[in-house]
Amino acid sequence: MPGETIVILAGVLCSAGILNLSETIVVATGGAIIGDSIGYELGRCLGRPWLERHGRLVGMHGGVLARVDTLFERHGGKAVLIGRFVGFLRAMAPFVAGASRMPYRRFLLYNALGGGVWAAAFVLLGYFLGESWSVAERWIGRVGLVIGVIVIAAAVWWLYRARQRQGEKTAPPA
């Protein structure tokens, strides 16, 4: 299950009072940092040769690898930070940072900054969606009640009219 889904769900649980909002943000931040640090270590251990052999399986063929190398040479830290918010880069940026031997302290700085912003953004998104859901649920409940009454009244009226017509058809002519 994608991390965003779990973190947004945790935010919804915060809005319901089941989880604590600040603790959830801290835990999500820690999970994001640890997860990307594992990706960094995998990249550092498996390295460039692994990417050259198996990278095509995840869309990292020769041409893409050359562009990624250039990106990390010029903007390594920013690539780690921004990569957290971009689908494909989210999974690959830590691995490539490790494979390109970006110093871990530099990686960790951008990883922690990105992880904190990412966690806060997605937990709060879930929190506000949860808050909005309860407001929407109240309104939907009220509107649903009104619509339900209207539908029932219309059905009763329609059945009444249908029986009247049926009675007119079966009554003997006078």
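An account of the accompanying structure is given in this report. (Residues numbered from 1 in each chain as written. Predicted model: local features only at pLDDT ≥ 70, side-chain atom pairs only at ≥ 80, totals over all residues. Heavy atoms only, no water.)

**Things to note about the overall build of the protein chain**
Here is the rule: In DSSP terms, a helix is any run of H or I states spanning at least four residues, a strand is any run of E spanning at least two, and both are numbered starting from the N terminus. Accessibility here uses a 1.4 Å probe with only protein chains present; expressed as a share of the type maximum, an area under 20% marks a residue as buried, one over 50% as exposed, and anything in between as partly exposed. For this analysis, residues touch if any pair of their heavy atoms sits within 4.5 Å. All accessible areas in this document rest on Shrake-Rupley with a 1.4 Å probe, and a residue is counted as covered only by the protein chains that are shown.
From N to C terminus, the protein chain includes 5 helices and 0 strands. When the helices and strands of the protein chain are listed from N to C terminus, the series reads α-α-α-α-α. Counting across all 174 residues of the protein chain, residues that qualify as buried make up 29%. For the protein chain, restricting intrachain contacts to residue pairs at least 6 apart in sequence, the fraction spanning at least 24 positions comes to 80%. A total of about 11300 Å² of accessible surface is found on the protein chain, and carbon and sulfur atoms cover 69% of it.

**Focus on unusual backbone geometry**
Phi is positive for Arg 101, close to 65 degrees, though the residue is something other than glycine. Mapped onto the secondary structure, Arg 101 falls in the loop between helix H4 (87-99) and helix H5 (104-170).

**Brief notes about helix H2 (residues 21-54)**
The line we're drawing: One fewer than the residue count of a helix, multiplied by 1.5 Å, yields its expected span. Bend, at a single residue, is the angle you get between axes fitted to the 7 residues ending at that residue and the 7 residues starting at it.
Taking 1.5 Å of rise per residue, the 34 residues of H2 would be expected to cover 50 Å, yet its terminal C-alpha atoms sit only 40 Å apart, more than 12% below that figure. If you look at H2, its biggest bend is around 85 degrees, right at Gly 47, and the proline Pro 49 turns up within four residues after that.

**Re the packing of aromatic side chains**
The condition that has to hold: Two aromatic rings, drawn from Phe, Tyr or Trp (for Trp, its six-membered ring), form a pair once their centres lie within 6.5 Å of each other, and the interplanar angle then sorts them: stacked below 30 degrees, edge-to-face above 60, tilted otherwise. Comment: the charge-over-ring label is applied if NZ (Lys) or CZ (Arg) is within 6 Å of the ring centre and within 35 degrees of the ring normal.
A full pass over the atoms with the stated rule returns 5 aromatic pairs. Relative to Phe 107, the ring of Tyr 104 has its centre 6.0 Å away and its plane inclined at 35 degrees; by these criteria the two rings are tilted. Of this pair, Tyr 104 and Phe 107 both sit in helix H5, 3 residues apart, which is roughly one turn of that helix. Looking at Tyr 104, the relative accessible area reads 32%, which means it is partly exposed. Note on Tyr 127 and Phe 128: the rings are 5.4 Å apart at their centroids and 80 degrees apart in plane angle, and the pair reads as edge-to-face. Positioned above the aromatic ring of Trp 118, the side-chain terminus of Arg 84 is 6.0 Å from the ring centre.

**Some words on the environment of Gly 43**
Mapped onto the elements, Gly 43 comes out in helix H2. Taking the relative accessible area as the measure of exposure, Gly 43 reaches 0% and is therefore buried. With near-sequence residues (within four places) excluded, Gly 43 lies in contact with Phe 95, Gly 98 and Ala 99.

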